[in-house]
Amino acid sequence: MRAPTDTMTPEAIDLSSWDRAEHFHFFRAYARPHYAVTCRLDASHLMARRHADRISPFRACLHAMGTGLNASAALRTRFRGDEVVRHDRIGLSITVPREHEGFAYAYLPWQPDFAAFDRDAAGRMEAAAKETGLRTSDVSGDGVAYLSCLPWMDFTALDHAVPDADDCIPRVSWGKIVEEGGRHKVAVNIQVHHAVVHGADLGQFYQETQTALNAL
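Novice: Tell me what's going on with the pattern of salt bridges, and back it up with residues and numbers.
Specialist: What the rule picks out here adds up to 14 salt bridges. A salt bridge links D154 to R40, with the nearest nitrogen and oxygen atoms 2.8 Å apart. Taken together, the residues span a long stretch of sequence, with D154 in the loop between β7 (144-149) and β8 (171-174) and R40 in strand β2 (residues 34-42) at a distance of 114 residues. D154 gets classed as partly exposed once you look at its relative accessible area, which sits at 34%. Here D167 ties to R171 by a salt bridge, and the two come within 2.8 Å at their closest N and O atoms. Across this residue pair, the class does not change: D167 and R171 are buried. One salt-bridge network, in which partners are shared between bridges, spans R28, D82 and D166.

Structure, rendered in structure tokens:
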């Protein structure tokens, strides 16, 4: 498996001076340390631009959520055993529907500029859709977040599969964009590891993601 080439060596965190060290050790002892939150965000601006400028809502949501993930230091923090590191930026590992059945994974390097991200993502997703396998070799390492869309449903909560209690990679999903009272809303879910991510960090994620949706 090959590692992403667009990320730098993550910064090691000194646990002796880290203000979250006590929380880290406390939640590392939990058998089920993951928790998930679902909030509804306003996608009205996105849907207006979709028709006017032919923007892909899928890729626009990816970019907005990538903005939210990269804005939070906690969501870029990972642990490996007792070592804790922080990436300067993280890429997006996403699910892409295959042309025939099932889905494949695609890795998207993070780019703050939406136009550049959108062009690159479109090409990578097109290639992934033609694959017959999962493409799990596209990314290794923990400098990513996992993202997927469930466009068939407007959900109110969601739980994600994780291999073990030490998996600290965030998982983000969003659902069907629905119209309510003349506005468009979308459910956005994120699941994280409590040893490195607190509730305030998720508040920042949602705020930055909404700002990015409004700024398209």
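Novice: Quick one: what's the story with the environment of A31, residue by residue and with numbers?
Specialist: Relative to the helices and strands, A31 is located in the loop between α1 (21-28) and β2. Accessibility expressed as a relative area gives 77% for A31, which makes it exposed. Once the C-alpha coordinates of A31 and A165 are considered, the two residues, 134 residues apart in sequence, prove to be 6.2 Å apart.

Novice: With reference to specific residues and values, describe helix α2 (residues 44-53).
Specialist: For α2, every residue scored as buried is listed here: S44, L46 and M47. Here the buried residues of α2 occupy an arc of 170 degrees about the axis, which is enough to place them on one side. In this structure, the buried side of α2 is in contact with β2, α3 (57-71), β10 (183-193) and α5 (199-214). Among the residues trailing α2, R54 stands out with phi positive, at a value near 55 degrees.

Novice: Go over the packing of aromatic side chains, please, and point to the residues and values.
Specialist: With the rule as written, the count across this model stands at nine aromatic pairs. With centroids separated by 5.2 Å and ring planes inclined at 55 degrees, the aromatic side chains of F27 and Y30 adopt a geometry described as tilted. A relative accessible area of 37% means that Y30 is categorised as partly exposed. Measuring from ring centre to ring centre gives 5.5 Å for F103 and Y105, while their planes differ by 80 degrees; the resulting arrangement is edge-to-face. You can call F103 partly exposed: its relative accessible area is 36%.

Basis of the calculations
Residues numbered from 1 in each chain as written. Predicted model: local features only at pLDDT ≥ 70, side-chain atom pairs only at ≥ 80, totals over all residues. Heavy atoms only, no water. Salt bridge = Lys/Arg side-chain N within 4 Å of Asp/Glu carboxyl O. Helix = DSSP H or I, 4+ residues; strand = E, 2+ residues; numbered from the N terminus. Buried < 20%, exposed > 50% of the residue type's maximum accessible area, 1.4 Å probe, protein only. Arc of directions from axis to C-beta. Contact = heavy atoms within 4.5 Å. Phe/Tyr/Trp six-rings, centres within 6.5 Å; stacked < 30°, edge-to-face > 60°.

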